[in-house]
Amino acid sequence: MEKFALEMKGITKEFPGVKALDQVTFSVKKGEIHALCGENGAGKSTLMKVLSGVYPEGTYTGKIFIDNKEVHFRNIKESQDAGIAIIYQELALISELSIAENLFLGHDLMRQKVINWNEIYRQALIALKKVGLEVDPQLPVKHLTVGKQQLVEIAKALMKKTDILILDEPTAALTESDVAILVKLLNELREEGVSCVYISHKLGEVMELADSVTILRDGKTICTDPIAELNEEKIITKMVGRELTELFPYEKRSIGNEEVLRVENYTAYDKAGKVVSSNINFNLKKGEILGISGLMGAGRSELFISLFGGLPGKKEGTVIIDGKKATIKTPAQAINEGLAYVSEDRKRYGLVLGMNITQNTTLIALNKVMKLKMINKAIEIKSAQEITDRMKLKAPNLDVAVGKLSGGNQQKVVLSKWIMNNPKLLILDEPTRGIDVGAKYEIYKIMNELVAQGVGIVLISSELPEVLGMSDRILVMSEGQITGEFSREEATQEKIMVCATGGEKIG
Ligand SMILES: Nc1ncnc2c1ncn2[C@@H]1O[C@H](COP(=O)(O)OP(=O)(O)OP(=O)(O)O)[C@@H](O)[C@H]1O
Ligand SMILES: [Mg+2]
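Residues numbered from 1 in each chain as written. Chains lettered and ligands numbered in written order. Predicted model: local features only at pLDDT ≥ 70, side-chain atom pairs only at ≥ 80, totals over all residues. Heavy atoms only, no water.

## Focus: the packing of helix H5 (residues 146–159) against helix H6 (residues 176–191)
It is at 10 Å that the axes of H5 and H6 come closest, and there the two elements cross at 20 degrees. As summarised for this structure, H5 and H6 are arranged roughly parallel, according to the angle between their axes. Judged by the twist between their axes, the crossing of H5 over H6 is left-handed. Every residue of H6 that contacts H5 at Gly-147, Lys-148, Leu-151, Ile-154 and Leu-158 is listed here: Asp-178, Ile-181, Leu-182, Leu-185 and Leu-189. In the contact of H5 with H6, the residues fall into seven nonpolar, one polar and two charged. (Axes fitted to C-alpha atoms, helices over the stretch in contact; angles between N-to-C directions. Helix = DSSP H or I, 4+ residues; strand = E, 2+ residues; numbered from the N terminus. Parallel < 35°, antiparallel > 145°, perpendicular 65-115°, else oblique. Left-handed = near helix turned anticlockwise from the far one by under 90°. Contact = heavy atoms within 4.5 Å. Nonpolar A, V, L, I, M, F, W, Y, C, P; charged D, E, K, R; others polar.)

Right, here's the structure in full:
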């Protein structure tokens, strides 16, 4: 008999208006990395929340077995005691607290009358070392990159005895080097016999890491296969339920000379007076997709947030929008000038999680739905319905709070919101992060439609295939400067990487 560390049988979980899980079966062997794949809203996160006691017994039907023994979790604590650790899709650390405080939150050592900080720091260092992090545990978490925060969460999980580690899209926002640390760590854990459930939309990673793959579609288990029997195309076909022959629906187009944006000798400083973008020169034509490539931390987001009026510090140089000189000091002015910025950090800048879908999508385009100074409900709902239909948003209706949507569907709401505003210049910052392959394709098609209408699009992306697949022209940035420019025809991964790493030295 196969030795399963975990078996979930006949799991069904309903939310008002949605059957998130429908008789799901899911089994994980001891010491394997088991990828859980599926489109946005397929039920991956929900299944893992059932497993980890976030949704307690009684709120779903079906059975869970750990090491062949049936378990009944009434809360997260009970699943933790059974050796289950979960790292959520959205980070759960408290950013104002130090790394050590986050690690030991709720720990016995923190409950003493006199807290022994030396002991806490000592143990924190050991925990951090385990995940390959060499940082001062007294540092507030907010000073860490998202990737490092992710590793702190894993360190925290591993402080307890862990037999099953669940990672819900751990690498969506990681730099390449942080991904490498994580991959190494997971391989070590596998050696130690820890089982890992790995949720990711990055199928390349899945192929590289996983021993087996389970695919969910619309809340149902489609299959579980050993990795040897799969490849990326097979996974996609099973996820989407149809073959997806082309990933990037680029359409050859003729682009005129009219510019929607021209930036000359532009230098931006942060509040402390440090240069964030240095002597930037580029233009963007109407109807053009301009890809912006570079490593994480290259200053791509900073440059465009700054142009969007979102950075406080001083700015020098000239910005011309639609042929007219513009001074944009605030995002409100940028929006007035016809700019839109889809942020990479949807939770912080993109959405009001407690508000419903309609309210979120019409947040910016309010003037379009305003009538007699009041929001015309009917127009509001119709506009929101149109755009979210196009995006194939998966939600029971538009009155649900966006906080209740799956991660990828939240991102679709962010995109809808900005596109509804009919911008002439649309800045997309990692627009497809956490989005499944099928929905990515839809987003690319919407980009095509927008440029066909004359919108200029800036596509900032860390996914090289995406930049290469969708852009008409590509700029590469490194350390706050533009270090390369390629036409669609000239661009290759190698050429871009050379510029992204800052020079001709490599190769
Ligand atoms: N708290 C909730 N209340 C209502 N509906 C919910 C809630 N959580 C999830 N859902 C719904 O259950 C379905 C499954 O969502 P889930 O978050 O499990 O998807 P997912 O596979 O993790 O997707 P993604 O790849 O986008 O993260 C979706 O239709 C979602 O809207
Ligand atoms: Mg999810």
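## Here we look at the pairing of strand E21 (residues 473–478)
The element E21 is largely enclosed, with a buried count of six among its six residues. Judged by which residues are buried, E21 turns out to be covered on both faces: Arg-473, Leu-475 and Met-477 on one side and Ile-474, Val-476 and Ser-478 on the other are all buried. By the bridge criterion, four bridges tie strand E13 (residues 289–293) to E21 in an arrangement that is parallel. Among the inter-strand pairings, Leu-290 is bridged to a residue of E21, identified as Arg-473. Sheet analysis places E21 next to strand E22 (residues 481–487), joined by six bridges and oriented antiparallel. (Buried < 20%, exposed > 50% of the residue type's maximum accessible area, 1.4 Å probe, protein only. Pairing = 2+ DSSP bridges.)

## A short note on unusual backbone geometry
Residues other than glycine seldom take positive phi values, yet Asn-279 does so here, at roughly 45 degrees. Note that Asn-279 resides in strand E12 (residues 275–285). Among the residues examined, Asn-279 registers a relative accessible area of 46% and is labelled partly exposed. Positive phi, normally seen in glycine, also occurs at Glu-479, with a value near 45 degrees. Along the polypeptide, Glu-479 turns up in the loop between E21 and E22.

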